[in-house]
Amino acid sequence: MSGTGGSTRHPQVGPRPARPTAARFGAAPSRGTAAVVLVVVGVVFAVPIAALLQFTFRQGTSGTLTTAHYAAIADPVNRATYQPVFDGLGASLAIALITVGIVLLVLLPAQVITALRYPRLRRLLEFVCIVPITVPAVVLVVGLVPVYQVVSRLLGSGAWTLAFAVGIVALPFAFRPIAAAITATDMTTLSEAARSLGASWWTLTWRVLLPNLRRGITAACFLTITVVLGEYTLASFLSRTTFQTALVLVQQTDPYVAAVFSLGALAFGFLLLVAIGRIGTRRHPKESA
């Protein structure tokens with residue numbers, strides 16, 4: 001209010017300033033371009049899988065389709081022929097279970113402790129975990145042969161011992177999802193808040209840290225299982241019977257049934273990838289509130 005005229009000045013009401021938009025790096029493709037790319041990639045992946053599916057129904061060179069190859073798997077007469085595949089599958093599942101245990105009991109605590117106590121060692125841990133993906137599997141086997149000679153004398157030559165070598169191969173695939181979950185979570189603030197409220201380290205780990213890392217841990221476990229089921233080189237050179245080596249053995253006598261099991265393995269791996277995607281995009285009810 002002015003001192004002489006008693007008039008009141010009102011602030012000018014104008015349009016609100018627009019909120020700053022998020023910066024975009026590069027040009028996003030149009031819907032048509034995205035659709036073309038998606039179709040091309042889909043065809044590249046779908047054609048070999050469709051050919052494999054058609055091969056499992058094919059009857060010799062006549063070109064007729066039949067379900068006899070699927071029925072042969074359940075036929076007791078062929079049990080001895082296809083038994084190596086089931087034995088190899090059981091061995092691969094045992095290896096996957098042990099490898100997942102290595103990820104949960106060794107890799108996960110190492111990443112959590114590094115993030116909380118020794119952040120300067122994060123780059124070193126990442127380097128150590130990523131190195132196996134840069135080393136060819138054949139070269140890795142050459143170094144593991146003398147190691148497994150000692151392992152065979154101490155623990156036997158069972159297929160489950162292959163989990164120690166496969167665990168090294170699976171390190172890069174298991175490390176990245178957990179590292180991404182740790183990066184997305186302010187673990188230092190959460191741990192300090194929980195400790196200030198009187199929580200023990202055990203309570204802090206099980207009720208605060210691990211629930212926030214749930215998605216990364218689950219994705220790491222699924223990727224580890226996929227790596228184990230698809231591993232062939234280590235098992236072949238170290239003379240262990242797994243699912244992939246058994247498929248090669250059965251393929252020499254019945255390529256159709258080997259293709260059936262290969263198709264099943266592909267479907268299982270696809271379901272795991274879909275599960276990883278669903279876990280990564282699903283939001284907790286509290287987060288969406």
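Residues numbered from 1 in each chain as written. Predicted model: local features only at pLDDT ≥ 70, side-chain atom pairs only at ≥ 80, totals over all residues. Heavy atoms only, no water.

Quick notes on the packing of aromatic side chains
Any aromatic ring pair is given by two values, namely how distant the centres are and how the planes are angled relative to each other. Where we set the bar: Only centres within 6.5 Å qualify two rings of Phe, Tyr or Trp (six-membered ring in Trp) as a pair; their planes then separate them into stacked at under 30 degrees, edge-to-face at over 60, and tilted for everything else. Helix and strand assignments follow DSSP, with helices taken as H or I runs no shorter than four residues and strands as E runs no shorter than two, numbered in order from the N terminus. Partly exposed residues are those whose accessible area sits between 20% and 50% of the maximum for their type, while under 20% is buried and over 50% is exposed, using a 1.4 Å probe and protein chains only.
Under the counting rule described, the total for this entry stands at 5 aromatic pairs. Aromatic side chains Trp-202 and Trp-206 sit 5.5 Å apart centroid to centroid with 50° between the ring planes, which places their arrangement in the tilted category. Of this pair, Trp-202 and Trp-206 both sit in helix α8 (residues 201–212), 4 residues apart, roughly one helical turn. Given a relative accessible area of 62%, Trp-202 falls into the exposed group. The partly exposed category is assigned to Trp-206, whose relative accessible area is 48%.

Structural notes on the nonpolar core
Rules: For the purposes of this section, nonpolar cores are sets of buried Ala, Val, Leu, Ile, Met, Phe, Trp, Tyr and Cys residues that join through side-chain atoms within 4.5 Å. Here, two residues are considered to be in contact whenever any of their heavy atoms come within 4.5 Å of each other.
In this structure, Met-187 and Leu-213 are the most contacted members of the largest nonpolar core, which totals 24 residues. Among the elements of the structure, α3 (79–116), α4 (122–134), α6 (163–184), α7 (187–196), α8 and α9 (214–230) are those that each provide at least two residues to this core. When near neighbours in sequence (up to four residues on either side) are disregarded, Leu-213 contacts Val-112, Ala-181, Ile-182, Thr-185 and Met-187. The next biggest cluster of nonpolar side chains, apart from the first, holds 15 residues, and it includes Val-141, Val-151, Val-166 and Leu-238.

Side note on the side chain of Thr-56
Quick note on the threshold: A 3.5 Å cut-off defines polar contacts: any pair of N or O atoms within that distance qualifies, except that in protein one atom must be a possible hydrogen donor and the other a possible acceptor, and neighbouring residues in sequence count only when both atoms are side-chain atoms.
Relative to the assigned elements, Thr-56 resides in helix α1 (residues 31–56). In this structure the side chain of Thr-56 is engaged in a polar contact, spanning 2.9 Å, whose partner is the side chain of Tyr-70. Discounting chain neighbours no more than four positions away, the residues touching Thr-56 are Thr-66, His-69, Tyr-70, Tyr-256, Ala-259 and Val-260.

A look at α3
Stated formally: By this rule, a helix spans an expected 1.5 Å times one less than how many residues it contains. Fitting axes to the seven residues that end at a residue and to the seven that start at it, the angle between those axes gives the bend at that residue.
Between its first and last C-alpha, α3 extends 53 Å over 38 residues, near the 56 Å set by a 1.5 Å rise per residue. In α3, a bend of some 30° at Leu-107 exceeds every other bend along the element, and Pro-109, a proline, comes one to four places later.

Shape descriptors only; they carry no functional weight alone.
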